[in-house]
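Architecture at a glance
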Amino acid sequence: MANLKDLKVRIASVQSTRKITSAMKMVAAAKLRRAQEAAEAARPYAERMERMLGSLAASLGGVDGAPKMLAGTGSDQVQLLVAFTADRGLCGGFNGSIVRQVRKMAHELKADSKTVKILFVGRKAHDVLKREYANETVDMITGLGKKNIHFSEAAQVADKITEMFDAGEFDVCTVVFNRFQSAMTQIVTPQQLIPFNPPAVEDGDDDTTDQGPKSVYIFEPEEEEILADLLPRNLAVQIFQALLESAASEHGARMTAMDNATRNAGDMIDGLTMTYNRTRQAVITKELIEIISGAEAL
Amino acid sequence: MAERLEFELVSPEKLLKSESVEMVVVPGAEGDLGVLPGHSPLIATVRPGVIDIHESGTVKERIFVAGGFCEVSPERCTVLAEEAMPVTAIDKAAAEKRLEDANQAWQKADDATKAKAEAERHVAEAMVAAAG
């Protein structure tokens, strides 16, 4: 029979766990709202950047002098994967699904006899994959977005990637991050950043149809010069967007995970309390029987 | 004048301004661009400087931008700024401090960081000029 005192101790411990998880849920909910707002506020810039780049790329299309970041190096031998995870755990499948995707992609690329390099943004994926991919790991960047994510932080990551690209260390760069869908669902999204894939030409946009052909833009300075500025900038913007989406997803995932944990702790407490009461009752009954049978024996 | 120009100012963090204006003057990399409704489509880089929003012949609002890009179509002018704030919100002392820091960084910079330090110096210079 379970000891009464042991049961009491367990109930108390589960109760304090529930307190912690429910507090974490509240914190995650508050942070989620902020992160979501930030992600939404950043969308217009990314959209317009993409549109501008699209029209530039369209007017430059197929020209030999196009920058490598747009046209590619002509090879896809060395592949850089950038994995976005959280620095901390306790957020359900958030980190695990990124790890799984990165592992799968690395495996497939290796099967194609490509060289794989991995850059980790956030600690968690690195913790899991550091043994398996020790030779492929380029670097790990942590501590991003402790409070709010600033554009300058994204720019640092982008600078690092640009530097590596200019040094010819890789040919194709793909980021893997969680795209925020809702607090319950995050979608693991691989997105190729280098070479840049211009968005498909939009056809139904009413604003642009009356302007005639799209390639009538005047450029000041020359297209090449603007592109040389715009491409690294676009990289930073895309990474910024990925960071924001990832942050929102992290808080969403944590909120859901902690909500479940709180509910489970509640169920557990109910079960334990039931056992505790039963045991207590059994002890009392046993004592009574002992007293009565003792009195009868006299 | 019936025709108006949709002016949008966007920073990476958020959409700062989206309104209908009469004319804007954008500091282009190769000279200031006055944009009126019906302007030919244009894409330009923006140097650090001040965007003037004109309304019925006078400057209504002045906004400092630290460089970026500008896309103009006949009915719209979109500025993608790296950093933006109203000129009235610039703290002159802070701007001067930034210029001093930038100058020091520029002097210390080696070949790799030179371009960056130089850019920062231009931004700070423009900021001080805008505040003064």
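The rules behind each value
Residues numbered from 1 in each chain as written. Chains lettered and ligands numbered in written order. Predicted model: local features only at pLDDT ≥ 70, side-chain atom pairs only at ≥ 80, totals over all residues. Heavy atoms only, no water. Axes fitted to C-alpha atoms, helices over the stretch in contact; angles between N-to-C directions. Helix = DSSP H or I, 4+ residues; strand = E, 2+ residues; numbered from the N terminus. Parallel < 35°, antiparallel > 145°, perpendicular 65-115°, else oblique. Left-handed = near helix turned anticlockwise from the far one by under 90°. Contact = heavy atoms within 4.5 Å. Nonpolar A, V, L, I, M, F, W, Y, C, P; charged D, E, K, R; others polar. Buried < 20%, exposed > 50% of the residue type's maximum accessible area, 1.4 Å probe, protein only. Pairing = 2+ DSSP bridges. Phe/Tyr/Trp six-rings, centres within 6.5 Å; stacked < 30°, edge-to-face > 60°. Core = buried A, V, L, I, M, F, W, Y, C linked by side-chain atoms within 4.5 Å. Buried area = accessible area lost by both parts, 1.4 Å probe. Salt bridge = Lys/Arg side-chain N within 4 Å of Asp/Glu carboxyl O. Polar contact = N/O pair within 3.5 Å; in protein donor to acceptor, adjacent residues only side chain to side chain.

1. Brief notes about the packing of helix 5 (residues 151–166) of chain A against helix 7 (residues 223–297) of chain A
Residues and elements named next belong to chain A. At a minimum axis separation of 8 Å, helix 5 and helix 7 run at an interaxial angle of 125°. Regarding the angle of helix 5 to helix 7, the classification is oblique. For the pair helix 5 and helix 7, the sense of crossing is right-handed. Across from Phe151, Ala154, Ala155, Val157, Ala158, Ile161 and Thr162 in helix 5, the residues of helix 7 making contact are Arg233, Leu235, Ala236, Val237, Ile239, Phe240 and Leu243. Each residue belonging to the contact of helix 5 with helix 7 can be placed in one class, and the counts come to 12 nonpolar, one polar and one charged.

2. Re the pairing of strand 7 (residues 76–81) of chain B
Working note: regular strand, side chains alternate between the two faces of the sheet. All names here are of chain B. Most of strand 7 sits inside the fold, with six of its six residues counted as buried. The side-chain alternation of strand 7 yields two buried faces, one formed by Arg76, Thr78 and Leu80 and the other by Cys77, Val79 and Ala81. Relative to strand 7, strand 1 (residues 5–10) runs parallel, the two sharing five bridges. Bridging from a neighbouring strand, Leu9 pairs with Val79 of strand 7. With six bridges joining them, strand 6 (residues 58–73) and strand 7 adopt antiparallel strand pairing. Residue pairing for strand 7: Gly68 is matched across the bridge by Ala81. In this antiparallel pair of consecutive strands, strand 6 and strand 7, the connection spans two residues.

3. Considering the packing of aromatic side chains
Residue and element names in this part refer to chain A. This structure, assessed with the given rule, holds four aromatic pairs over all chains. Summarising the aromatic geometry, the rings of Phe84 and Phe177 are spaced 6.4 Å apart at their centres and angled 80° between planes, so their arrangement reads as edge-to-face. Taken together, the residues Phe84 in strand 1 (residues 78–84) and Phe177 in strand 4 (residues 172–180) connect sequence positions 93 residues apart. According to the relative accessible area criterion, Phe177 is buried, its value standing at 2%. Taking the centre distance of 5.5 Å and the plane angle of 50° together, the rings of Phe165 and Phe170 count as tilted. A single burial state applies to Phe165 and to Phe170, both of which are buried.

4. Some words on the sheet that holds strand 1 of chain A
Residues and elements named next belong to chain A. Across the sheet, which stays open at both edges, the five strands sit in the order 3-2-1-4-5 with mixed pairing between neighbours. One side of each edge strand has no neighbouring strand; the edge strands of this open sheet are strand 3 (137–141) and strand 5 (186–194). With strand direction ignored, the average angle separating the axes of adjacent strands in the sheet is 20°. With seven bridges connecting them, strand 1 and strand 2 (residues 115–121) associate as parallel partners. Bridging across to strand 2, Phe84 finds its partner in Val121. Each of strand 1, strand 2, strand 4 and strand 5 touches helix 3 (residues 94–111); the most contacted strand, strand 4, lies at about 155° to it. Sheet strands touched by helix 7: strand 1, strand 2, strand 4 and strand 5. Its angle to strand 4, the strand with the most contacts, is close to 35°.

5. Some points on the nonpolar core
A general feature of soluble globular proteins is that nonpolar side chains tend to end up buried together. A:Val82, A:Phe84, A:Ile161, A:Phe170, A:Ile194 and A:Ile239 are the most contacted members of the largest nonpolar core, which totals 52 residues. Every element with two or more residues in this core is listed here: helix 1 (4–60), helix 2 (68–71), strand 1, strand 2, helix 5, strand 4, strand 5 and helix 7 of chain A. Ranked by residue count, the leading element in this core is helix 7 of chain A, at 13 residues. Excluding its chain neighbours within four sequence positions, the residues that come into contact with A:Ile194 are A:Met69, A:Ile161, A:Phe165, A:Phe170, A:Asp171, A:Val172, A:Cys173 and A:Leu235. With 20 residues, the next largest nonpolar core counts B:Val24, B:Val26, B:Val65 and B:Cys70 among its residues.

6. Overview of the interface of chain A and chain B
Taken residue by residue, the interface counts 27 residues in chain A and 30 residues in chain B. Between chain A and chain B the total buried area reaches about 2600 Å² when both faces are included, carbon and sulfur atoms providing 60% of it. Among the residues chain A hides against chain B, the three largest losses belong to A:Tyr45, A:Met52 and A:Glu220. Together they make up 27% of the total. For the pair chain A and chain B, the number of links is three salt bridges. Among the ionic pairs, A:Arg51 bridges to B:Glu71, the shortest N-O distance being 3.1 Å. Viewed at the interface, chain B and chain A are joined by nine residue pairs in polar contact (both at pLDDT 80 or more). At the level of secondary structure, the elements contributing two or more residues to the side of chain A that touches chain B comprise helix 1, helix 5, strand 6 (218–220) and helix 7 of chain A. With 11 residues, the top contributor of residues to the side of chain A that touches chain B is helix 1 of chain A. Its residues placed into classes, the side of chain A that touches chain B shows 17 nonpolar, three polar and seven charged. Taken together, the three bridges between strand 6 of chain A and strand 5 (residues 42–55) of chain B define a ladder with parallel strand orientation. Note on strand 5 of chain B: the bridge partner recorded for A:Glu220 is B:Ala44.

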